[in-house]
Each structure stands twice: as structure tokens, then as C-alpha cells.
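The residues making up each chain are set out below.
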Amino acid sequence: MPHILRLSVIVVLAMSWLSPAFAEQPAKVEVPPKKTFKVGDNTAFVIMPKLVDEKTPIPWVWYAPTFPSLPEARENWMFERFLAAGIAIAGVDVGESYGSPKGRAVYSALYKELVTNRNFAPKAVLLARSRGGLMLYNWAVENPESVAGIAGIYPVCNLRSYPGLEKACGAYGLTRAELEAQLDKNNPVARLTPLAKAGVPIFHIHGDTDAVVPLKENSGEVARQYEKLGGKMELKIAKGQGHNVWEGFFQCQELVDFVLASSKPTKEAKNEPQSDKGTVKVFILAGQSNMEGKAPNTLLDHQATDPKTKELFAHLRKDDKWIVRDDVFIKFLERKGPLTIGYGSPNRTGPELEFGNAMGSHFDEPVLLIKTAWGGHSLYKLFRSPSAGFPAAEVLEKELSQAQANVKKNNEKNKKDDPLPTMDDIKKNYGSSYRNMMAEVKDVMANSATMFPALKGKTLELAGFVWFQGWNDQYGAENEYESNMKHFIKDVRKDLNVPKLPFVIAAMGQNGSTPAKGAMLMIQKAQFAMNDVPEFAGNVKTFRTDVLVDKAAEELFPKWRENKEQWNVTGGDFGYHYYGSAIWFNRIGKGMGDAMLELLKSQK
């Protein structure tokens, strides 16, 4: 049965209702000073209760926003009661991130530090004050399994209302138009479904005259959406109060009671299996040249230091250098090692950088990427999977005739006597890349301890498959793409013995800002058709790549030869390779990661 949404109105006739005379107060607790530490380059803090049971995970409240001035003395009334109940308080300064992916990545790093290294409970109660709502909600919807509850004091939940897209877009590394196009992926009020599905309870207190963070567009809209989704939420409306420091916001007994109740581990949580620290999450990245990756490393180096673009890459760098992850490993052709730039085509980088970063930040376990990608390989022929069978006999006969004619011509021209191809020679090419892909995956998994000594003794778990391909199928095989894609997904799962292996498809998007047409449109539609296959529901996800276009590269490309100096710091290839844009490839990698995490969470 759906939860009932409860809306309560606080009518403020006098402020005496808040006084100690109206409720028994807990013994006075001295609030310990914050203990600060670093999460990457960001300053974090914890406030620990005096008594901690070291045998059990520490319950905790995650406060936001964290700035040098926040949390402040007004929070002490709440904090005293949390600490008296044995609940720790923590937070990390992510600046004016407005809930951006960069800020979310730091939040994931804080969570990992506290849960993995400091024995904090796997689920936190989030406490969002004002714009802290954008920060905590956008992290929570991507990590609902890590959230015990969300409490809010006039929290911002709608980017349109505050700070507005014009101001927020900079924190996202996007233009206003780009943020508008991606708003559903970044606006808390549009992203509540994972929280409702996970049964996360919510409590907000919000003033009905708030002009800075209007009640209707923020807490009111969350309440409306959460009720539709079957979520449990209580909204306390403070009559006649705005966005201010009224004492009632910070001495709300209902909020404290909500936090204390949500912090208690449930029976299900106690019985929930802990992550196996001896496992490795394995992801296969397959496709053709764009999965190889075509963004020049020199372009990444430039844009990571250029003031106009550096923020887009900041989460991938530390101390002015590219981060070399010690928890994400990659094998691509003859190269292997910890993930950083350079695992694309020679001296280039592909979507694996952002995808691997997303997986590494999400999982406590190590992550292994196995990339099997070769330029110019179609799904129709080289990647053709077993159950698709061979093309029609007349098609093969025509191909054989053409191949024999070519050899005869070459023999005559060069006075050679090479044998003519046979039908077996023609057939052996079909599926060759599919077989090579499977052989590579099995080889890496069998020899991972030798290739990556850090993984020695750990159990490898196939966790997902990402497909980025389509260009070569435009030339005569577009009508067959949908059928071949279905066969491919089923065969991959069968041959790897993972029946519901999460499968992400990055749809062709070289059309960028221009609508796709012709064969490209047909392949896009075939790729998106996978989202509608009943047996693929919840385990296959196709997402758009054209909407992620790097518009600066797109606009400059037609005249790149007349502007080579500018082009060299903007792009690095032709349109079929997404202009070699580091920004576009990174966005695609991030899109792959978002889609994969969505599938993984839906399977829990």
C-alpha cells in the first residue's frame, strides 16, 4: 500500500511553544569542536558523540551546506540532541556547487572515507539547510541505498527557483541552454523516483512566505511528487515565516524526532549483507573507433588548465596532474594499468575515463574495465553474434563472387597465383570481433592477478556491459540493426553466463545539434528500441549522446582549416569521431556511468 503523505501546518501565535517549559529537555551536552580533515582538496568535518560503541557502525547525520561559517551556533540545539543519542555529525565543503556532478563526486568520496575507514553506518540521515538541499538531494537520488532519511530546513530542491539556471550553469560547467536540456538529470524535484522506490522517509520544515526559496516550487513540489510516487513525507509549514533564522526552524522537535527515528537501524538493515571486500566489479566496454576514444591527450592537457574549461576536468585532477586511480584498473589491447588519461587510440582518451571514474567513486570494491574496441567493425558482420546466424545465402554468394573477382584481378595485375577465397573464408569473418571480444574478456578474467597484482586473491564479478558503436552499419545494414542488437545482448549474457547483465547502449549521436536522418536515424531508433523490449526492462538502457554535444567544437569545425590554432585547443578529429572533443567524450563517459548506475540500482 502507498504511504500516506502527511502535511502539517505550524500556526505561529507566539514563540513560547518552543520554550523548555513545553517539553522535557535532555541533559545539557557540551558540543565538541569540529574535527576537520581533507577529502581530496576539500575540507570535511566530523563531530563525534562522547560515547561510541566501537563494535557497531556509528549512526550519523550528514549536514549541508558546509562552509567556513556553516554549520553555526544555531544548529547546536539540534546537534546536542543528536550527539546525546550517540549520532555523529559530518559534512564536507564543496563550495557553491548547487548539486553539480563535481560536488556529488566529492560527496561520494566523503561517504567512502567515513563508511570504509571510520566505521560510520552505511546509511546516513541527510540534513539539508537551504541550498544544501540541492547538494544532498542530488547525491541521495544517485545513492538511495545509502540514505536512511532526509530532513530539510527550507531546503532548495528546484534549480529553477534558486539560484536559477543562469547562475547555476557555471557550477555545472554548462551553458544555460545546456543545463536546461539536462535539467531532468540535475534537478531534485524531477529525480525523486529512486528515493521513493527505496522507501526513504522525508521531513521538511518550510515557511509559507519564503521569497528566496519559495515553498510551492521547492518543499511543496517535493511533497506533491513524492505523494504521487508513493513516498512517505511530512511537511511542516511555518505560517508567516520566510527564509530567515527564526528559532523555530532550528529548534524543531519534530525534526529531531525524525532524525533519531531514522537513525535507528531497521531489521532489514541489520540483516543486509555487507559488500564483499574480496570482489572486483568488472565492466566490459565494447564497440568500434569511438569506444576506442579519439580525444587527443594534448587537448585534455590544455583544456584542463584553460580557465574557460578547467572546471570541467577538475574532478579528474589533483595537484595540477591527472589522477591515476588506485581503485580502477583497465585493460585495452596491449595496454593495462590504473585508470588515467591515454587509454584510447594512441595518445588519445575515450569515454572510459569518466565511466571508470563514476564506477570507482560509487563502489567500495576495486573496479576493472576490459575494453574491446576496434575501428570500423560493424554489428552486421564482425561483431555479429552467434544467434543472428549468417546473412541469406544469396548475400554470401554475392560476397564470395566479389572476393574471388578481386583476387583474380590482383593475380593478373601482379602476376601472382593466390588461391581464390572459399565460402568458409567468407563465413569466418562473420562474428570474428565478437569471438575476439569474448576471448579477451575471458583471458583478462583468468589472468587478472598477473596483469594487476593489486587484484590478487579477489573474486571477479561481471557487473555490466557498455556498447558504443553504429557508424559502419549505416552503409547497407541499417535495416537489420535492431534484430542484430537483440541477438547481441542475449548472446553476450549467455556466453558470459550472466542472464541479466546490465547493458548500456550509447546511441549514435554524431548528428549533434542537427536532427539525425537517413541511415543514422534508423540506427538510433533501433538502439532506442532496446528500451522497449519487455525482457530488457530494467536491465538495458539506451541514452542519447547527441544532446551532450560540445557546441564550441561543433561550431568551429566547418572552418577548422582556416582556424587551426583555435581548433587544436577545441577539437581533434572529424565529425564521425565526435570532433575528437575531450568535452564530448567525457560527457558520453559520464552518461554511460549514470545509465549503468541506474540499472544497477533498479536490480537491487
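Please refer to the structure placed before this passage.
Description of the structure in this document. (Residues numbered from 1 in each chain as written. Predicted model: local features only at pLDDT ≥ 70, side-chain atom pairs only at ≥ 80, totals over all residues. Heavy atoms only, no water.)

1. Some words on the overall build of the protein
Here is step 1: Looking only at helices and strands, the protein has 22 helices and 20 strands in total.
Here is step 2: Its C-alpha atoms give the protein a radius of gyration of 27 Å, near enough to 25 Å, the size a compact globule of 604 residues would have.
Here is step 3: The principal-axis extent of the C-alpha atoms belonging to the protein is close to 105 × 55 × 50 Å.
Here is step 4: Split into buried and exposed, the 604 residues of the protein put 55% on the buried side.
Here is step 5: Of the contacts made within the protein by residues no fewer than 6 positions apart, 76% connect residues no fewer than 24 positions apart.
Here is step 6: With an accessible surface of roughly 27,200 Å², the protein has 53% of that area assigned to carbon and sulfur atoms.
Here is step 7: Of note, the protein has its 76 positive side-chain charges centred 1 Å away from the centre of its 70 negative side-chain charges. (Helix = DSSP H or I, 4+ residues; strand = E, 2+ residues; numbered from the N terminus. Rg over C-alpha atoms; globule rule 2.2 N^0.38 Å. Buried < 20%, exposed > 50% of the residue type's maximum accessible area, 1.4 Å probe, protein only. Contact = heavy atoms within 4.5 Å. Areas by Shrake-Rupley, 256 points an atom, 1.4 Å probe, with all protein chains shown as cover. Lys, Arg positive; Asp, Glu negative; His and termini not counted. Charge placed at Lys NZ, Arg CZ, Asp CG, Glu CD.)

2. Regarding empty space enclosed by the protein
Here is step 1: If you walk through the whole model with that rule in mind, you get 1 cavity of 30 Å³ or more.
Here is step 2: Quantified by volume, the largest cavity comes out at close to 60 Å³.
Here is step 3: Each residue belonging to the lining of the largest cavity can be placed in one class, and the counts come to 6 nonpolar, 5 polar and no charged. (1 Å grid on protein atoms, 1.4 Å probe; cavity = no way out; pocket = protein on both sides within 12 Å on 5 of 7 lines; lining within 4 Å. Points joined across faces, edges and corners; volume = space filled by probe spheres on them. Nonpolar A, V, L, I, M, F, W, Y, C, P; charged D, E, K, R; others polar.)

3. Overview of the pattern of salt bridges
Two side chains with opposite charge may pair up if their charged atoms get near one another.
Here is step 1: Taken as a whole and assessed by the stated rule, the structure comprises 34 salt bridges.
Here is step 2: With its nearest N and O atoms 3.7 Å apart, the salt bridge here joins Glu166 to Arg176. Pair noted here: Glu166 is in helix 4 (residues 165–168) and Arg176 is in helix 5 (residues 176–181), with a separation of 10 residues, a long-range link.
Here is step 3: Residue classification places Arg176 among the partly exposed residues on the basis of a relative accessible area of 37%.
Here is step 4: Glu480 is the partner of Arg384 in a salt bridge, and the nearest nitrogen-oxygen pair spans 2.9 Å. Placement of Arg384 in the loop between strand 17 (367–373) and helix 14 (393–414) and of Glu480 in the loop between strand 18 (459–468) and helix 18 (481–496) is noted, with a sequence separation of 96 residues between them.
Here is step 5: Taken together, the salt bridges that share partners define one network made up of Glu72, Arg74, Glu75 and Arg129. (Salt bridge = Lys/Arg side-chain N within 4 Å of Asp/Glu carboxyl O.)

4. Topic: the state of the cysteines
Here is step 1: One pass over the structure, following the stated rule, counts 0 disulfides.
Here is step 2: Here Cys157 is not disulfide-linked; the sulfur of Cys252 is the nearest cysteine sulfur, at 16 Å. (Disulfide = S-S within 2.5 Å.)

5. Comments concerning the side chain of Asp573
Here is step 1: In this fold, Asp573 is placed in the loop between helix 21 (564–567) and helix 22 (582–602).
Here is step 2: A relative accessible area of 16% means that Asp573 is categorised as buried.
Here is step 3: Within the structure, Asp573 has its side chain in polar contact with the side chain of His577 (distance 3.2 Å). (Polar contact = N/O pair within 3.5 Å; in protein donor to acceptor, adjacent residues only side chain to side chain.)

6. Concerning the packing of aromatic side chains
Here is step 1: Enumeration according to the criterion identifies 38 aromatic pairs in this entry.
Here is step 2: Note on Tyr63 and Phe79: the rings are 6.0 Å apart at their centroids and 90° apart in plane angle, and the pair reads as edge-to-face. With Tyr63 in strand 4 (residues 60–64) and Phe79 in helix 1 (residues 76–84), this residue pair connects regions lying 16 residues apart in the sequence.
Here is step 3: Taking the relative accessible area as the measure of exposure, Tyr63 reaches 1% and is therefore buried.
Here is step 4: The exposure class of Phe79 is buried, given its relative accessible area of 1%.
Here is step 5: Seen from their ring centres, Phe465 and Phe488 are 5.9 Å apart, and the 70° between their planes marks the pair as edge-to-face. With Phe465 in strand 18 and Phe488 in helix 18, this pair connects stretches of sequence that are 23 residues apart. Accessibility classification places Phe465 together with Phe488 in one group, the buried group.
Here is step 6: What links up through ring pairs into an aromatic cluster is the set Phe468, Trp471, Tyr475, Phe557, Trp560, Trp567, Phe574, Tyr576, Tyr578, Tyr579, Trp584 and Phe585. (Phe/Tyr/Trp six-rings, centres within 6.5 Å; stacked < 30°, edge-to-face > 60°.)

7. Concerning unusual backbone geometry
Here is step 1: Each neighbour pair has its own omega, and for Leu70 with Pro71 the value is 0°, a cis peptide bond.
Here is step 2: Residue placement: Pro71 occurs in the loop between strand 4 and helix 1.
Here is step 3: A positive phi angle, close to 60°, is found at Asn347, a residue other than glycine.
Here is step 4: Inspection of the secondary structure assignment puts Asn347 in the loop between strand 15 (335–338) and strand 16 (348–349).
Here is step 5: The exposure class assigned to Asn347 is exposed, which follows from its relative accessible area of 64%.
Here is step 6: Positive phi, close to 50°, is recorded for Tyr578, a residue that is not glycine.
Here is step 7: For Tyr578, the position within the fold is in the loop between helix 21 and helix 22.
Here is step 8: Residue class for Tyr578 comes out buried when judged on its relative accessible area of 0%.

Read these as layout, nothing more, since geometry by itself doesn't imply function.
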